[in-house]
Amino acid sequence: MPREDDEVIPDLTIEQKATLASGADFWSTKPVPGIRRITMNDGPHGMRVVGDIGIKSDKKATCFPPAVGLGATWNPALQREVGAAIGREARALGVDIVLGPGINIKRSPLCGRNFEYVSEDPLVAGSFGQALVEGIQSQGVGASVKHFAANNQETDRMQVSAEVDERTLREIYLPAFEQVVKNAAPATVMCSYNRVNGVYASQNEWLLSKVLRDDWGFDGVVVSDWGAVVDRVEAVKAGLDLKMPTATGDDRMIAAAESGELPEFVLDRVVARLQKLADRADASRLGPVTIDFDAQHELALRAALEGPVLLKNENGALPLPETGSTRIAVVGEFARTPRFQGSGSSQVPAAKVDSALGELSELLGDRVRFAPGFTFDGSAEADEALAREARSLAAESDWTVLFLGLPDSYESEGFDRASIDLPANQLALLETVSAVTRRVVVVLSNGGLVETESWEFRARAILEGWLLGQAGGAALAQLLVGRANPSGKLTESIPVKLEETPAYINFPGCDGQVVYGERIYVGYRYYDTRGLPVSYPFGHGLSYTEFEYSGLSVSATDSGASVVFTVTNVGEVAGAEVAQVYRGDRHSKIDRPVHELVGFRKVFLEPGESETVTIELDSRAFAYWSIARHGWIVDEGLFTLSVGASSRDLRLSGDVRLAAQGPALKLTQFSSIADWFADPIGAQVLQGAIAQLPDAHAFQLDVTTNEGKMFAAIPLGHLLTMVPQAPTGAAQQLVAAYEQALAGR
Ligand code: BGC
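Within an unreviewed UniProt entry, the label attached to the protein reads Exo-alpha-(1->6)-L-arabinopyranosidase, and the organism entered is Gryllotalpicola protaetiae. Quoted verbatim from the Sequence similarities (unreviewed entry) field of the UniProt record, the comment on the protein reads "Belongs to the glycosyl hydrolase 3 family."

So, in structure tokens, the structure goes:
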């Protein structure tokens, strides 16, 4: 690739150029004449400024909801605000680049890092990533969208090869990055540790140069994940700019530059990109800033209020009465010791942490009594005594709110989970408590999803609280008593059991490889296409009010289609609904999921209020990636657009007709006779050739007969090897005639 810029490259020696492309230390680059030091720190949901390889930081920061909680808000405007607040803290801490957001697809619920990721759906992940990056970068600092690409597990994460076909990459694992790159221009993209189809992401030219830069127009810096670079020279040649952390391998770079193995223009390219980065991602660019930690906490609370998903609410069990004499048993250690973020590089030294117990006690006074119910480490003897205490408390109370979830040791960056079950001691506690009262509400705290099928009948209501950051405890309390109305929706399907998840038989792979055998059928694309039951579908989430959908109209536009509908709050309290638009394609020439999310909008409505929503869809909303045609294809015909409250609660639908789009299939000698006849030029060429034959009438293709169908499926070249009259090279001649006709069209 030639030099892409017309900027003035600082006058540096080969050594300086060669060594610029790596960290000076753990968190910053080397200053060279003309290019200042650039600093970077984690992370996705708050700042973690540490001195070296350590995880724990003592620099106070606000812990916003991790991606699992913030993603479930389906509210890009709110996510943008959070991004800006993180950007402000980065500025105040002198950090030029925030290492986040992480937007990898949740391929399997077992991925230990799912709490740092957003969704099983690329549009939801991409919208989140775009909003976060826009917010962070509005503060003059840069973001680093990560981990590019196909990093969907922690097992063997530094080398495992994700074996994924190109269609699956283009339709599922890449579009979230594409959306962020095209719409939010992140200052940097962080490449992942793993290999993709055998080649390390850090030295994968197809990913880092072809897709990222040529196809999507990325003009920022590609930074490696920490320790992801295996061969620095190969990495830089492939399109990596900055190897992090530290400066190991500089001697190899210098030798390669001196020998010509690493051409100088490649180094100049790196220098130009880093120079540009130093200008655009600068903690001091917008001047000094002071942080109002109370205001940041208020925002963390607003964000946390919109993340929890009300999975079920039998007979309006929630909200709990805020006034009156109802006695409430709060049971479960999570109420007192909240789990509000996950372990690993994203761990924020939270400025302050609210507990649900503290907040509920404040709201409800001495009507609230507490029992811890279980230990996080599951010590059997202690758990039995705690369960007995909780049972007595539940028996004496009108309602029991059970705070269950995954202790910290169950999930983290660095390893995957082996199961999606809640810990046995907590399930035993639920059984014990529900034996003495039917008035049980379960509140969950977990990063990766948990199975609910085996125990949900014991709870009248379930509020899935994910991990919600430092204000999560207050948010849960306010939702439980109806001071706020739940409006989170599932960004991932909750399966009936682990064994039914689409990646189950392939995850996490073995012998250094993980095969993405389920292809594009990830999450609801799999369950809904196969018609399998799920415990709670993608997009699901109840409210304390009800919404009605009406007046759908769909129409074709120049670039795609326009969807218009009205949502009305028909209940008694104010609330928010995430209206979702799914596209079905029954006439497609290749297999496709029964439907796919193509748009969504969160609307906030007072009781009785309506809002008319318009969602514009471009042609990509209808297209699939064709490996054979190497591009995005829209097949001509009718597409169904459905609107509703989840992937399984579609209330309205309409059809729209679109014309064919995308590169045509080029015929070869390996194309079938059917393909040749289906192509107008191919058919003409073939018919012309047949007409030359003395017994032309014998070559009639009737695909209504079994014989005809069998014949139609044979590739042209293969067929001609069986036709005695066919001269040597006949197939090549036909292909040449076809190409000539195509060119002359
Ligand atoms: C993680 C990244 C993180 C980096 C720096 C790596 O282990 O995968 O997400 O930004 O460390 O802490």
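K.L.:
What is the right way to look at the state of the cysteines in this model?
P.N.:
Should the sulfur atoms of two cysteines be covalently bonded, the bond is a disulfide. Within the structure shown, the criterion is met by 0 disulfides. No disulfide involves Cys-111; its sulfur sits 17 Å from that of Cys-191, the nearest cysteine. Judged by relative accessible area, which is 0%, Cys-191 ranks as buried.

K.L.:
I'm lost on the domain arrangement of the protein in this one. Help?
P.N.:
It is common to give the size of an interface as the accessible area lost on bringing the parts into contact. For the protein, the domain assignment lists domain 1 (33-49 + 58-240 + 273-280), domain 2 (294-535), domain 3 (547-658) and domain 4 (673-743). Using only C-alpha atoms to locate each centre, domain 3 and domain 4 end up separated by 42 Å.

K.L.:
Explain the site of the ligand to me, please; I cannot follow it from the model alone.
P.N.:
Taken together, 14 residues are adjacent to the ligand, and Asp-42, Arg-113, His-147, Tyr-193 and Asp-225 come closest. In this structure, an oxygen atom belonging to the ligand sits 2.7 Å away from a side-chain N or O atom of Arg-113. Interatomic distance of 2.7 Å between a side-chain N/O atom of Asp-225 and an oxygen atom of the ligand. Calculation on the ligand without its partners gives an accessible area of 310 Å², and the protein chains cover 94% of this total. For the shell around the ligand, the class distribution of residues is 5 nonpolar, 2 polar and 7 charged.

K.L.:
Please clarify how the packing of helix H11 (residues 293-305) against helix H16 (residues 472-480) should be interpreted in this entry.
P.N.:
When two helices pack together, their arrangement is captured by the angle between the axes and the distance separating the axes. Taken N-terminus to C-terminus, the directions of H11 and H16 make an angle of 50°; their axes are 8 Å apart at the nearest point. Relative to H16, H11 is oriented oblique. Considering how the two elements wind past one another, H11 and H16 form a crossing that is right-handed. In this structure, H11 contributes Leu-301, Ala-304 and Leu-305 to the contact, and H16 contributes Gly-472, Ala-474, Ala-475, Gln-478 and Leu-479. Classifying every residue of the contact of H11 with H16 by side-chain character gives 6 nonpolar, 2 polar and no charged.

K.L.:
Looking at this structure, I do not really get the nonpolar core. What am I missing?
P.N.:
Note that soluble globular proteins tend to have their nonpolar side chains buried in a common cluster. One finds Phe-148, Leu-360, Phe-403, Leu-404, Leu-429, Val-442 and Leu-480 to be the most contacted residues of the largest nonpolar core, which totals 150 residues. Sequence-distant contacts of Phe-148, that is, excluding residues within four places in its chain, are made with Leu-174, Phe-177, Val-189, Met-190, Cys-191, Ser-192, Ala-201, Leu-207, Leu-208, Leu-212 and Trp-216. By size, the runner-up hydrophobic cluster in this structure holds 39 residues, among which are Trp-27, Ile-254, Val-271 and Ala-272.

K.L.:
When you look at the UniProt feature "domain: Fibronectin type III-like" (unreviewed entry) in the protein in this model, what are you seeing that I'm missing?
P.N.:
This chain's UniProt record puts "domain: Fibronectin type III-like" (unreviewed entry) on residues 577-647. Secondary structure content for residues 577-647 is 0% helix and 61% strand, while the C-alpha to C-alpha distance between its ends is 14 Å.

K.L.:
Is there a simple way to explain the packing of aromatic side chains in this structure?
P.N.:
Each aromatic ring pair is characterised by the separation of its centres together with the angle its planes make. Tallying each qualifying case throughout the model produces 17 aromatic pairs. Here Tyr-173 and Tyr-516 contribute two aromatic rings whose centre-to-centre distance is 5.0 Å and whose plane-to-plane angle is 70°, an arrangement assigned as edge-to-face. Remark: Tyr-516 occurs in the loop between strand E16 (513-515) and helix H17 (524-530) and Tyr-173 occurs in helix H5 (residues 166-173); sequence separation between them is 343 residues. For Tyr-173, a relative accessible area of 3% gives the class buried. An aromatic cluster is defined as three or more aromatic residues linked by ring pairs; in this entry it consists of Trp-74, Tyr-524, Phe-538, Tyr-582 and Phe-600.

K.L.:
Looking at this structure, how should I read the sheet that holds strand E2 (residues 97-98)?
P.N.:
Remark on secondary structure: sheet strands pair via backbone hydrogen bonds, oriented parallel or antiparallel. The parallel open sheet is built from 5 strands, whose spatial order is E1-E2-E3-E5-E8. In the strand order of this sheet, the two ends are held by strand E1 (40-41) and strand E8 (221-224), each with one partner. Relative to strand E5 (residues 188-191), strand E3 (residues 142-148) runs parallel, the two being bridged by 3 bridges. Bridging from a neighbouring strand, Val-145 pairs with Val-189 of E5.

K.L.:
Would you mind showing me how to read the sheet that holds strand E6 (residues 195-196) here?
P.N.:
Ordered by their spatial adjacency, 4 strands build an open sheet running E7-E6-E4-E16, and the pairing between neighbours is mixed. A strand with exactly one partner marks an edge of an open sheet, and here the two such strands are strand E7 (199-200) and E16. Pairing geometry for strand E4 (residues 161-163) and E6, over 2 bridges, is parallel. Bridge pairing in E6 links Ser-161 to Arg-195.

K.L.:
So what exactly am I meant to see when it comes to the packing of helix H19 (residues 680-692) against helix H22 (residues 730-743) here?
P.N.:
Interhelical geometry of H19 versus H22 gives an angle of 135° and a closest axis separation of 9 Å. Taken as axis vectors, H19 and H22 run oblique relative to one another. Here the hand of the crossing between H19 and H22 comes out right-handed. Of the residues in H22, those touching H19 at Ile-681, Gly-682, Val-685, Leu-686 and Ala-689 are Leu-734, Ala-737, Tyr-738, Ala-741 and Leu-742. When grouped by side-chain class, the residues that make up the contact of H19 with H22 number 9 nonpolar, 1 polar and no charged.

K.L.:
Please explain the environment of Ala-664 as it appears in this structure.
P.N.:
Mapped onto the elements, Ala-664 comes out in the loop between strand E26 (649-658) and helix H18 (673-678). Residues Ala-664 and Ala-628, 36 residues apart in the sequence, show an inter-C-alpha distance of 9.5 Å.

K.L.:
Please clarify how the pairing of strand E10 (residues 328-331) should be interpreted in this entry.
P.N.:
A regular strand places its side chains on the two faces of the sheet in alternate fashion. By the alternation rule, side chains of E10 split into Ile-328 and Val-330 and Ala-329 and Val-331, which are all buried. Bridge count for E10 against strand E12 (residues 399-405) is 4 bridges, and the pairing is parallel. Counted as the bridge partner of Val-331 is Leu-402 from E12. By the bridge criterion, 4 bridges tie E10 to strand E11 (residues 368-371) in an arrangement that is parallel. Note on E11: the bridge partner recorded for Val-331 is Ala-371.

K.L.:
I would appreciate a short explanation of unusual backbone geometry in the present structure.
P.N.:
The phi torsion of most residues other than glycine is negative, and most of the peptide bonds are trans. Cis geometry marks the peptide bond from Met-244 to Pro-245; its omega dihedral reads -10°. Here Pro-245 is to be found in the loop between helix H8 (232-238) and helix H9 (250-259). The step from Phe-507 to Pro-508 runs through a cis peptide bond, and the omega angle for that step is 0°. Within the secondary structure layout, Pro-508 lies in the loop between strand E15 (494-495) and E16. In the Ramachandran plot, Ala-150 falls in the positive-phi region, its phi being about 55° despite a non-glycine side chain. Within the element layout of this structure, Ala-150 appears in the loop between E3 and E4. A positive phi is found at Asn-315, a non-glycine position, where the angle reads about 50°.

K.L.:
I would appreciate a short explanation of the environment of Glu-456 in the present structure.
P.N.:
Along the chain, Glu-456 turns up in the loop between strand E13 (440-445) and strand E14 (461-464). Not counting chain neighbours up to four residues away, the residues in contact with Glu-456 comprise Lys-312, Ile-462 and Tyr-536.

K.L.:
For this particular structure, what's the right way to read helix H6 (residues 175-184)?
P.N.:
The α-helix winds at 3.6 residues per turn, so residues separated by three or four positions along the chain end up facing the same way. Most of H6 is tucked away, with 8 of its 10 residues classed as buried. Taken as a whole, H6 has its buried residues at Pro-175, Ala-176, Phe-177, Glu-178, Gln-179, Val-180, Val-181 and Ala-184. Just past H6, the residue Ala-185 takes up positive phi, approximately 40°.

K.L.:
Help me understand H22 in this model?
P.N.:
Under the 1.5 Å per step criterion, the end-to-end length of H22 is 20 Å for 14 residues, consistent within 8% with the ideal 20 Å. Where H22 is concerned, the buried positions are Ala-730, Ala-731, Leu-734, Val-735 and Tyr-738. Along the long axis of H22, the arc covered by the buried residues comes to 135°, so they all point the same way. What points out from H22, more than 90 degrees from its buried face, is the exposed set Gln-733, Gln-740 and Ala-743. The inward-facing, buried residues of H22 abut H18, H19 and helix H21 (716-720).

Procedures and definitions
Residues numbered from 1 in each chain as written. Predicted model: local features only at pLDDT ≥ 70, side-chain atom pairs only at ≥ 80, totals over all residues. Heavy atoms only, no water. UniProt positions renumbered as here; feature names shortened; annotations may be inferred. Disulfide = S-S within 2.5 Å. Buried < 20%, exposed > 50% of the residue type's maximum accessible area, 1.4 Å probe, protein only. Domains from an automatic or database assignment. Near = heavy atom within 4 Å. Polar contact = N/O pair within 3.5 Å; in protein donor to acceptor, adjacent residues only side chain to side chain. Areas by Shrake-Rupley, 256 points an atom, 1.4 Å probe, with all protein chains shown as cover. Nonpolar A, V, L, I, M, F, W, Y, C, P; charged D, E, K, R; others polar. Axes fitted to C-alpha atoms, helices over the stretch in contact; angles between N-to-C directions. Helix = DSSP H or I, 4+ residues; strand = E, 2+ residues; numbered from the N terminus. Parallel < 35°, antiparallel > 145°, perpendicular 65-115°, else oblique. Left-handed = near helix turned anticlockwise from the far one by under 90°. Contact = heavy atoms within 4.5 Å. Core = buried A, V, L, I, M, F, W, Y, C linked by side-chain atoms within 4.5 Å. Phe/Tyr/Trp six-rings, centres within 6.5 Å; stacked < 30°, edge-to-face > 60°. Pairing = 2+ DSSP bridges. Expected span 1.5 Å × (residues − 1). Arc of directions from axis to C-beta.

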